[in-house]
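# Structural overview
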Amino acid sequence: MAENEKEYRPFLVDQVPYMTLTTKKYENRKKWQPSNPKEICSIIPGSVIDVFVKPGQKVKSGEVLLILDSMKMHTKIEMPYDGVIKAVNLAKGDRIPKNAVMITIK
Amino acid sequence: MSFKRNILELRKRKKEAQQGGGEKAIEKQVAMGKKTARERIKAILDENSFHEYDLFVEHTGRDFDMDKKVLHGDGVIIGTGTMYGQPVAIYAQDFTVFGGSLGLMHARKITKIMDHALKMRVPLIGINDSGGARIQEGVNSLAGYGEIFYRNTNASGVIPQISVILGPCAGGAVYSPALTDFVFVVENISKMFITGPGVIKSVLGEEISMEELGGAMVHSEITGNAHFFAKSEDECFEQIKKLITFIPWNNAQKALRFPVAEPLAAANIEEIVPIDPHLPYDIRDVIRAVTDNSDFLEIMEYFARNIVIGFGRIDGNTVGFVANQPMYLAGVLDCDSSDKAARFIRYCDAFNIPLVTLEDMPGYLPGVDQEHAGVIRHGAKLLYAYSEATVPRVTVIIRKAYGGGYIAMNSRHLGADFVFAWPTAEIAVMGPEGAANIIFKKEIDESENPEEMRKQKIQEYKDKFANPFVAASKGYIDEVIEPLETRARLIHSLEVSASKVDTRPIRKHGIPPF
């Protein structure tokens with residue numbers, strides 16, 4: 001107990017500080033970030049089969065931007081709304097992790 | 001004429017079959033720090049009590065030259081024996097035989113012993129050590145898994161089911177342990193995952209070691225798949241032997257009664273808990289201050305440490321404890337702690353084990369991650385489990401019982417039989433600070449000295465509500481008790497509840513939020 005006492009630190013619940021320890025899982029929890037509608041992120045890791053757009057290109061909503069091979073499935077990534085491509089952060093053959101920003105829109 | 005020749009032949013065949021995968025494979029097993037399947041069974045059961053069945057079963061694989069292979073016992077040992085003189089059914093996969101892979105006959109052996117266990121109403125212990133499905137047998141091995149899961153589910157809540165993971169347990173195989181009541185894991189030996197590091201790397205490009213992905217500590221601390229963590233196989237077997245003393249042999253029985261013993265630390269109970277509700281302590285010390293011999297077997301010690309669950313005895317009888325742990329995350333309720341406690345409550349209810357709830361929590365864990373992880377439906381599991389339970393249920397409120405957590409922690413309103421509170425109990429919608437800020441917002445804002453006013457109002461609220469007497473005046477708690485009376489009150493309430501009859505509406509089954 002005496003050893004632990006040093007590590008206790010205030011923890012807010014309803015604005016009230018309680019002295020306590022935390023857990024590894026709590027410390028490693030993911031901080032929430034608001035999603036940016038101008039970024040198209042991967043929701044699953046995979047490899048890029050083909051990319052069809054270039055920076056500066058005008059793209060209509062629903063047009064296919066790229067094809068991703070994930071979990072033995074070829075998934076088309078579509079433009080969410082009419083817009084102009086700002087950056088393409090990947091190329092054919094690239095392997096990308098989850099939550100990678102694949103394409104940004106102006 | 002004599003039997004001698006036949007007997008010698010039988011002995012020869014038995015000896016050969018009992019070798020499993022042979023010397024070399026056994027050497028490999030030992031080199032990995034693992035015991036053989038036979039040694040494991042021996043270590044768990046009473047001495048010389050094991051009786052084996054299906055030793056001569058052969059596999060039925062015909063493709064890929066499998067017909068030329070002899071697999072002794074088809075990679076699994078099944079049988080019955082005793083623990084403390086009481087019968088149990090057991091199976092152990094033998095990794096030395098073709099990697100303990102599961103083919104049709106291997107699965108048939110397991111389902112045979114499962115059927116026995118359920119019919120005879122005895123506990124089932126399954127030791128998992130297998131490379132997974134025997135790919136050469138194709139869909140037959142998948143069929144085997146499915147037939148095991150089906151039986152695990154049918155036996156759930158009827159007989160205790162214990163899974164011991166002593167090697168790899170990967171792919172579909174993981175779901176049998178997941179369906180059982182208690183999962184035991186051992187450091188550096190147990191590995192559980194749906195897809196292994198190899199597949200994850202080739203498909204997703206993520207690199208991770210087996211231990212980091214699905215090792216014993218990961219399942220004890222992060223996933224909550226495991227209930228007991230041990231550093232060695234021997235320690236694991238001791239844990240199994242201890243657990244089994246606390247639980248009944250089937251759902252029509254009660255756990256064995258033990259000789260009554262006084263707690264070793266009872267006198268300290270008032271010194272354990274700080275009066276200041278913001279300061280932590282170890283709730284397990286309070287549990288040990290009321291249990292016989294101060295003995296407490298904690299379950300899921302490393303997962304969701306903000307709630308403590310486990311078995312102890314009061315007056316010789318097994319009791320299931322559910323207790324907030326102020327030492328971790330201030331003892332808040334969250335997704336994981338609700339999930340952990342809810343399943344344990346259902347276990348106790350299924351096996352006629354009375355529940356004692358010790359309450360000291362400031363509310364639910366705030367955060368986007370919690371809300372998005374579904375704290376609503378996970379939290380609801382706890383309400384469901386308590387409301388559904390018909391075993392004797394006693395609650396002791398030690399300090400904080402705020403808001404939704406007050407309701408969730410076996411309150412009178414969810415059907416608790418007895419609710420006691422220490423004089424330090426605070427039963428309120430929220431803590432005094434938060435409540436005063438809302439109720440007296442206007443007075444505080446308009447005051448010339450808001451801070452002074454805030455302090456004054458907090459004190460006002462504290463005096464009025466931060467005590468057990470408001471709830472006692474409504475009959476929501478039955479009695480305010482002195483801490484030192486706790487054990488005596490628990491003993492008496494459980495005595496009074498010994499023949500409790502409580503029913504729920506007839507239905508096929510409820511629909512809990514899982």
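Residues numbered from 1 in each chain as written. Chains lettered and ligands numbered in written order. Predicted model: local features only at pLDDT ≥ 70, side-chain atom pairs only at ≥ 80, totals over all residues.

### Describing the overall build of chain A
Counted only if it meets this: A run of DSSP states H or I qualifies as a helix once it reaches four residues; a run of E qualifies as a strand once it reaches two. Both are numbered from the N-terminal end. Only the C-alpha atoms count toward the radius of gyration. The rule for a globule is 2.2 Å times the residue count to the power 0.38. Neighbour counting defines burial: a residue surrounded by 20 or more other C-beta atoms within 10 Å of its own C-beta is buried, one with 12 or fewer is exposed, and intermediate counts give partly exposed, using backbone-placed C-beta atoms. Throughout, a residue-residue contact means that the two C-beta atoms, derived from backbone geometry, are no farther apart than 7 Å.
What chain A contains, in helices and strands, is two helices and ten strands. Its helices and strands in sequence order give chain A the pattern α-β-β-α-β-β-β-β-β-β-β-β, from N to C terminus. Taking 106 residues into account, the globule formula puts the C-alpha radius of gyration at 13 Å, and chain A, at 21 Å, lies well above it. Over its C-alpha atoms, taken along the principal directions, chain A stretches across nearly 65 × 30 × 20 Å. Within chain A, the proportion of its 106 residues that are buried is 16%. Partitioning the contacts of chain A with sequence separation of at least 6, the portion at a separation of at least 24 is 47%.

### Topic: the overall build of chain B
Each helix and strand counted, chain B has 21 helices and 16 strands in total. When its C-alpha atoms are laid out on the principal axes, chain B stretches across 105 × 55 × 45 Å. For chain B, buried positions account for 50% of its 514 residues. Expressed as a percentage of contacts within chain B between residues at least 6 apart in sequence, the contacts between residues at least 24 apart total 74%.

### Some points on the interface of chain B and chain A
The extent of an interface is frequently quoted as the accessible surface area lost upon association of the parts. Basically, it comes down to this: Residue polarity is assigned by list, with Asp, Glu, Lys and Arg as charged and Ala, Val, Leu, Ile, Met, Phe, Trp, Tyr, Cys and Pro as nonpolar; anything else, Gly included, falls into the polar class.
If you look at the interface, chain B gives 26 residues, while chain A gives 24 residues. Those elements that place two or more of their residues in the side of chain B that touches chain A are α7 (197-204), α9 (216-223), α14 (368-372) and α17 (432-439) of chain B. Looking at the side of chain B that touches chain A, its residues break down into 15 nonpolar, five polar and six charged.

### Here's the deal with the domain arrangement of chain B
Residues and elements named next belong to chain B. Note the threshold: Domain delimitation in this document rests on an assignment produced automatically or drawn from a domain database.
Split into domains, chain B comes out as domain 1 (31-246), domain 2 (266-431 + 467-496) and domain 3 (432-465). Domain 2 and domain 3 are separated by 30 Å when their C-alpha centres are compared. Taken together, the contact pairs five residues of domain 2 with five residues of domain 3. Class assignment of the residues belonging to the side of domain 2 that touches domain 3 gives a composition of four nonpolar, one polar and no charged.

### Some words on the sheet that holds strand β5 (residues 58-59) of chain A
All names here are of chain A. How we decide: Any two strands between which DSSP finds at least two bridges are classified as paired.
If you walk across this open sheet you meet the four strands as β3-β10-β8-β5, and the pairing is antiparallel. Each end of this open sheet is capped by a strand with a single partner; those strands are β3 (39-41) and β5. By the bridge criterion, three bridges tie β3 to strand β10 (residues 101-105) in an arrangement that is antiparallel. Counterpart to Cys41 in the pairing with β10 is Val101.

### Digging into the pairing of β10(A)
Where strand β8 (residues 83-88) of chain A meets β10(A), three bridges bridge the pair, whose relative direction is antiparallel. By the bridge assignment, Ile85(A) is partnered in β10(A) with Ile105(A).

### Re helix α19 (residues 450-465) of chain B
Residues and elements named next belong to chain B. What counts here: What a helix is expected to span follows from its residue count: subtract one and scale by 1.5 Å. Directions drawn from the helix axis to the C-beta atoms are what define this arc.
Here α19 contains 16 residues, and its C-alpha end-to-end distance of 22 Å stays within 8% of the 22 Å for a straight helix at 1.5 Å per residue. When α19 is considered as a whole, its buried residues turn out to be Lys457, Ile458 and Tyr461. Angularly, the buried residues of α19 cover 105° about the axis, an arc narrow enough to put them on a single face. When the buried face of α19 is taken as reference, the exposed residues oriented beyond 90 degrees from it are Glu452 and Asp463.

### Quick notes on the packing of helix α13 (residues 335-350) of chain B against helix α15 (residues 375-388) of chain B
Residues and elements named next belong to chain B. Under the convention used in this document: Lines fitted to C-alpha atoms define the axes, with helix axes restricted to the stretch in contact, and inter-axis angles between N-to-C directions lie between 0 and 180 degrees. When describing relative orientation, an angle under 35 degrees is termed roughly parallel and one over 145 degrees roughly antiparallel, while 65 to 115 degrees is termed roughly perpendicular and anything else oblique. Each crossing gets its hand from how the near helix is turned against the far one by less than a right angle, where anticlockwise is left-handed and clockwise is right-handed.
In contact at an axis separation of 8 Å, α13 and α15 are set at 20° when each is read in the N-to-C sense. On the basis of the axis angle, α13 is roughly parallel to α15. Crossing handedness for the pair α13 and α15: left-handed. Here Cys335, Ser338, Asp339, Ala341, Ala342, Ile345, Arg346 and Asp349 of α13 come into contact with α15, specifically with Val375, His378, Gly379, Lys381, Leu382, Tyr384, Ala385, Tyr386 and Glu388.

### Description of the pairing of strand β6 (residues 64-70) of chain A
Residues and elements named next belong to chain A. Here strand β4 (residues 46-51) runs beside β6; their pairing, made up of four bridges, is antiparallel. Within the sheet, the bridge partner assigned to Val51 lies in β6 and is Leu66. Two elements, β6 and strand β7 (residues 73-78), share six bridges in a ladder whose sense is antiparallel. Across the sheet, the residue bridging to Ser70 is Met73, located in β7. Hairpin geometry of β6 and β7 is characterised by an intervening segment of two residues between the two adjacent antiparallel strands and by a positive phi of about 50° at Met71.

### Some words on helix α5 (residues 139-155) of chain B
Residues and elements named next belong to chain B. Here α5 spans 25 Å end to end across 17 residues, near enough to the 24 Å set by a 1.5 Å rise per residue. What α5 keeps buried is the set Ser141, Gly144, Tyr145, Ile148, Arg151, Asn152 and Ala155. Taken down its axis, α5 places every buried residue within 130° of arc, on the same side. Of the exposed residues in α5, the ones pointing more than 90 degrees away from its buried face are Val139 and Thr153. Packing partners of the buried residues in α5 comprise α4 (104-120), β4 (124-130), β5 (161-170) and α6 (175-179).

### Points about the sheet that holds strand β9 (residues 95-96) of chain A
Spatially, four strands are ordered β7-β6-β4-β9 (chain A) in an open sheet, and the strand pairing comes out antiparallel. A strand with exactly one partner marks an edge of an open sheet, and here the two such strands are β7 and β9 of chain A.

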